Amino acid sequence: MSQTALPFHFMRGGTSRGPYMLRSDLPSDPDELARVLIAIVGSGHPLNIDGIGGGAAVTTKVAMLSKSDDNWADIDYFFAQVSVEDRTVDFKPTCGNILVGVGPAALEMGLIKPNGPVTEVKIRAVNTGARVAAQVRTDEQSVIYDGTAQIDGVPGTSAPIDLMFMDVTGGATGSMFPTGRRIDVIDGIEVSCVDVAMPMAIARAEDFGLTGQETATELDENRAFYERMEPIRIEAGRLMGMGDVSGSVTPKFGVLAPPVAGGHALTRYFMPKNCHPSLAVTGSQCLSACLLCPGTIADGILSAPPTGPLDLKLEHPMGLLDVRMDYTRGPDNTFEVKSAGLTRTARLLARGEVMIPRTVWAGP
């Protein structure tokens, strides 16, 4: 056989999609694993024409699952962000949208059994250490995908999947504000460097001459913005203790503005070379924390009570994303994120075997 066949489930998770695979079916060596994932996705071509990627950062993601040896978790979720064109793989971040599909995928793969009308799947995000409890609708034998839940950025409706994120503070850097400050000035721009679910550098849209209402396409065509933003992101990564991040997708970059469509704030999220067509699940938690914590660049956008839970509506290019933040503000404006909750949807799109050249990997 001239190719290596690898079992996979192809799923949409939230507003992302990609292959979900058993970690044991893939190489253990990180460099060899990266070569395999590049071949699966077809990285190196803008359309990923020789793989199953979709030519966008939200469609070149891979989830690798295994039974967890953690005392709390059922499933370990290892994430990889494969580039569209650069033939690189970043194992540092996690992805909250792809995580939405982890519970259904674990059930489909037989890693966990259905348990009543709602099956709880406890997930450990290996990349960051975050813990997530997913409530998946099931019957006695399988996952239920049909339902009435709708999320902006995905057509139609599906069964809801309720997620509760815990241990989300400091997963990448060790603290919520890894620079030791709530505002840093980088190249003349005020930036809040925040690590909640996803390390981010967050700025005001107006400081870049933006309204925040620009579409994702309009922002991607505004190369002057990216040329201004990227050096700031790289310096933010250095200040956050993340080293040289010029070749990494983290920290992500985001901008905030006052709401215009009935939400609590207007957001744009960058991955970082393109604007997210909607909003990342992890990024939504980080942006929410920035909005709720006093003394950040978001001061004045939102008036929030001193304690949660609070349901926030974040405006993004395709609509709204709802985040339930549980938090406390203490004396001297101390701030703690206890947990974050979201309701998203997922769907199994295909399953079978994905083929890669044996010259890339001959198999386990």
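It should be noted that the structure appears before, not after, this text.
Residues numbered from 1 in each chain as written. Predicted model: local features only at pLDDT ≥ 70, side-chain atom pairs only at ≥ 80, totals over all residues. Heavy atoms only, no water.

## Some details on the overall build of the protein chain
- In terms of regular secondary structure, the protein chain is built from six helices and 17 strands.
- For 364 residues, the compact-globule formula gives about 21 Å, and the C-alpha radius of gyration of the protein chain, at 20 Å, lands near that figure.
- Projecting the C-alpha coordinates of the protein chain onto the three principal axes gives extents of approximately 60 × 45 × 35 Å.
- By the burial criterion, 55% of the 364 residues in the protein chain qualify as buried.
- Counting only contacts in the protein chain whose residues sit at least 6 apart along the sequence, the fraction spanning at least 24 positions is 63%.
- Here the protein chain has roughly 14,700 Å² of accessible surface; of this, 48% comes from carbon and sulfur atoms. (Helix = DSSP H or I, 4+ residues; strand = E, 2+ residues; numbered from the N terminus. Rg over C-alpha atoms; globule rule 2.2 N^0.38 Å. Buried < 20%, exposed > 50% of the residue type's maximum accessible area, 1.4 Å probe, protein only. Contact = heavy atoms within 4.5 Å. Areas by Shrake-Rupley, 256 points an atom, 1.4 Å probe, with all protein chains shown as cover.)

## Here's the deal with the packing of aromatic side chains
- What the rule picks out here adds up to nine aromatic pairs.
- Taking the centre distance of 6.4 Å and the plane angle of 55 degrees together, the rings of Tyr 77 and Phe 79 count as tilted.
- Looking at Phe 79, the relative accessible area reads 1%, which means it is buried.
- Taken together, a centroid distance of 5.3 Å and an interplanar angle of 70 degrees make the contact between Phe 225 and Tyr 226 edge-to-face.
- Residue Phe 225 is classed as buried on the basis of its relative accessible area of 3%.
- Ring pairs connect the aromatic residues Phe 208, Phe 225, Tyr 226, Phe 253 and Phe 270, which therefore count as one cluster. (Phe/Tyr/Trp six-rings, centres within 6.5 Å; stacked < 30°, edge-to-face > 60°.)

## Quick notes on the pattern of salt bridges
- Taken as a whole, this structure holds 15 salt bridges when the rule is applied.
- Close ionic contact of Arg 124 with Asp 76 constitutes a salt bridge, the shortest N to O distance being 2.7 Å. Of the two residues, Arg 124 is situated in strand 6 (residues 118–125) and Asp 76 in strand 4 (residues 75–82); the sequence distance between them amounts to 48 residues.
- Judged by its relative accessible area of 23%, Arg 124 is partly exposed.
- Residue classification places Asp 76 among the buried positions, given a relative accessible area of 9%.
- The network of salt bridges with common partners includes Asp 69, Asp 70, Asp 76 and Arg 124. (Salt bridge = Lys/Arg side-chain N within 4 Å of Asp/Glu carboxyl O.)

## Some details on the nonpolar core
- By size, the foremost hydrophobic cluster in this structure holds 73 residues, and its most contacted members are Leu 65, Tyr 77, Phe 165, Ile 202, Leu 256, Leu 292 and Met 325.
- Not counting the four nearest positions on each side in its chain, Leu 256 is found in contact with Ile 202, Ala 203, Arg 204, Ala 205, Leu 266, Thr 267, Leu 287, Cys 290, Leu 291, Ile 297, Ala 298 and Ile 301.
- Grouped together as the second largest cluster of nonpolar side chains are 25 residues, Ile 189, Cys 193, Phe 208 and Tyr 226 included. (Core = buried A, V, L, I, M, F, W, Y, C linked by side-chain atoms within 4.5 Å.)

## Focus: the environment of Asp 244
- By the secondary structure assignment, Asp 244 is in the loop between helix 5 (223–239) and strand 12 (252–257).
- Within the structure, the side chain of Asp 244 is placed 2.8 Å from the side chain of Ser 246, a separation counted as a polar contact. (Polar contact = N/O pair within 3.5 Å; in protein donor to acceptor, adjacent residues only side chain to side chain.)

## Looking at helix 5
- Spanning 17 residues, helix 5 covers 25 Å between terminal C-alpha atoms, matching the ideal 24 Å at 1.5 Å per step.
- The complete set of buried residues in helix 5 reads Phe 225, Tyr 226, Met 229, Ile 232, Arg 233, Ala 236 and Gly 237.
- On the buried face of helix 5, the contacting elements are strand 9 (184–186), strand 10 (189–196), strand 11 (198–204), helix 4 (216–221), strand 12 and strand 13 (265–270). (Expected span 1.5 Å × (residues − 1).)

## As for helix 1 (residues 30–41)
- Compared with the 16 Å implied by 1.5 Å per residue over twelve residues, the 16 Å span of helix 1 between its first and last C-alpha is a close match.
- Check the buried side of helix 1 and you find it contacts strand 1 (3–13), strand 2 (16–22), strand 3 (61–67), strand 4, strand 5 (89–90) and strand 17 (346–357).
- Between the side-chain oxygen at the start of helix 1 and the backbone nitrogen of Asp 31 there is a gap of 3.2 Å, and the oxygen is on Asp 29.
- Following helix 1 by one or two positions, Gly 42 has its phi on the positive side, about 85 degrees.

## Observations concerning the side chain of Ser 248
- Within the secondary structure, Ser 248 is located in the loop between helix 5 and strand 12.
- Here Asp 90 takes part through its side chain, which lies 2.8 Å from a polar atom of the side chain of Ser 248.

Everything listed is a geometric property; what it means functionally is a separate question.
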